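# Structural features, examined
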Amino acid sequence: MNRATQLRLLRAAMAGDAPPLGDEAAVDVSEYLDERRFERERALEFRARLNLVAHSSELPAPGDFVTRDVVGAPVLVVRGDDGVARAFLNVCRHRGATVEPRARGRCKRFVCPYHAWSYDRRGSLVHARHADGFPSLQAEDAGLVALSCEERGSLIWVCPDPARRLTLDPELRGLLDEVAGLGPARPQLYARESRIWRANWKLIVEGGLESYHFKIAHRSTVGPLFTDTGSIYERVGEHFRLVLPRTTMAALRGVPEPEWDLLAHANVLYTLAPNASVLVQNGHYVLVVLEPLAVDATRVDLATVARPPGEEGYSARAQEFLETNHAFTARTLHEDFTIAEQIQRGLTTGANQTLRFARFEAALRDFHAGLARRLGGAST
């Protein structure tokens, strides 16, 4: 993020500015319950787009790989000898078995555990046992199926549909450059947890698009640290940038602008369609990646990304800070996700036909309106 943008956001946050509030909005509860709509979201919002699947620090050297389930598709991501991250369907071209069953590792060849067909780091077929039994086999046509894959700002994005050739949209590229500029140099994945929450994926996203709940839902965690309904947001293409002012921001009044520091007095939250959020704090950031599993189930991966350790690892002080911060962040987000589960249960009771969005929850309105446009429908 350049200095001019930081100052503009700080001025807006200090003045309490926000995009035009407009009117109250509402969304029909069926958007969280309807199975057909959910499958349409999975197909158009996730399977047909680039999803965040890995952090670059998980693949530091040639041959390093991770495997992921991306909206139902088994995916293998590997760092090539040329340093490029590539993605493939983790499916053998012989009989469809999973080629690489491990979650992560490093290797020169990927060998299918069923019949030992082997593939190199570029996905090319390099060996088929008893190849004379396959007289029609053309090795150049039997490599692992490549997927669209792009690495930017230390984040690796993959589309699980091999029929689509995609690149990141310009707005997302710009925001990823901002994250890279605000975050630590040479960012390193420090800690990760994965858990399935019994809530629609949209409820998980919504918890990060408004600060109206901070003082209440997070009263014992981050609530006292932030202003009430003080967040400001901007829609950037299909994505969002939110500035969450801390109560310390008032101390900037009277301080010359050249001395202002955005991350000293605010967190910056990026909601990146379709499946990621990045919460940038001073010196590190939190990465939230979701996968919609069912209309009422979402897998959420939560990771802390920090500066890399020194040659002897993290110092005791740095280790304590990162462990404490990761635990505190997880506790805070668990508060959001627990409420999302409660909302999901509540929606099935018929108590509400619509959910209300206040004028100062306008990012929620814009999120649903944008999703409706992409799905070819309309949001109330």
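For the structure, see preceding data.
Report on the accompanying structure. (Residues numbered from 1 in each chain as written. Predicted model: local features only at pLDDT ≥ 70, side-chain atom pairs only at ≥ 80, totals over all residues. Heavy atoms only, no water.)

Here the focus is the pattern of salt bridges. Counting across every chain of the model gives 25 salt bridges. Between E45 and R49 there is a salt bridge, with its nearest N and O atoms 3.0 Å apart. Across the pair, exposure class does not vary: E45 and R49 are buried alike. E58 is paired through a salt bridge with R68; the nearest N and O atoms lie 2.6 Å apart. Here R68 lies in strand β3 (residues 64-70) and E58 lies in the loop between β2 (51-55) and β3, a separation of ten residues in the sequence. Like R68, E58 is buried. (Salt bridge = Lys/Arg side-chain N within 4 Å of Asp/Glu carboxyl O. Buried < 20%, exposed > 50% of the residue type's maximum accessible area, 1.4 Å probe, protein only. Helix = DSSP H or I, 4+ residues; strand = E, 2+ residues; numbered from the N terminus.)

This part is about helix α4 (residues 170-182). Because the α-helix completes a turn every 3.6 residues, residues three or four places apart line up on one side. With 13 residues, α4 extends 19 Å between its outermost C-alpha atoms, agreeing within 8% with the 18 Å of an ideal straight helix rising 1.5 Å per residue. Those residues of α4 that fall on the buried side of the exposure criterion are L172, L175, L176, E178, V179 and L182. Viewed end-on, α4 has its buried residues packed into an arc of 155°, placing them on one side of the element. Among the exposed residues of α4, those pointing more than 90 degrees away from its buried face are P170 and G181. The N-terminus of α4 is capped by D169, whose side-chain oxygen sits 3.2 Å from the backbone nitrogen of E171. (Expected span 1.5 Å × (residues − 1). Arc of directions from axis to C-beta. Polar contact = N/O pair within 3.5 Å; in protein donor to acceptor, adjacent residues only side chain to side chain.)

The next subject is the sheet that holds strand β14 (residues 232-236). One open sheet accounts for seven strands, arranged β13-β19-β18-β17-β16-β15-β14; its pairing is antiparallel. Looking at the sheet topology across the chains shown, the edges are occupied by β13 (188-197) and β14. Sheet twist, expressed as the mean angle between neighbouring strand axes with direction ignored, is 15°. The pairing of β14 with strand β15 (residues 239-245) spans five bridges and is antiparallel. (Pairing = 2+ DSSP bridges. Axes fitted to C-alpha atoms, helices over the stretch in contact; angles between N-to-C directions.)

Moving on to unusual backbone geometry. The peptide bond linking A273 to P274 adopts the cis configuration, its omega dihedral lying at 5°. Looking at the element boundaries, P274 is found in the loop between β16 (266-272) and β17 (276-281). With a phi close to 50°, R186 is a non-glycine residue in the positive phi region. Mapped onto the elements, R186 comes out in the loop between α4 and β13. Overall, R186 belongs to the exposed group, its relative accessible area being 66%.

In this section: the side chain of H218. Its place among the elements puts H218 in the loop between α6 (214-217) and β14. Owing to a relative accessible area of 1%, H218 belongs among the buried residues under this scheme. Not counting residues up to four positions away in its chain, the partners in contact with H218 are H213, G223, P224, T332, E335 and D336. (Contact = heavy atoms within 4.5 Å.)

Spatial strand order, β7-β8-β9: three strands in an open sheet with antiparallel pairing. Two strands in the sheet have a free side with no partner beyond their single neighbour: β7 (110-111) and β9 (125-127). As paired elements, β7 and strand β8 (residues 118-119) share two bridges and run antiparallel to each other. Across the sheet, residue F110 finds its bridge partner in β8, namely Y119.

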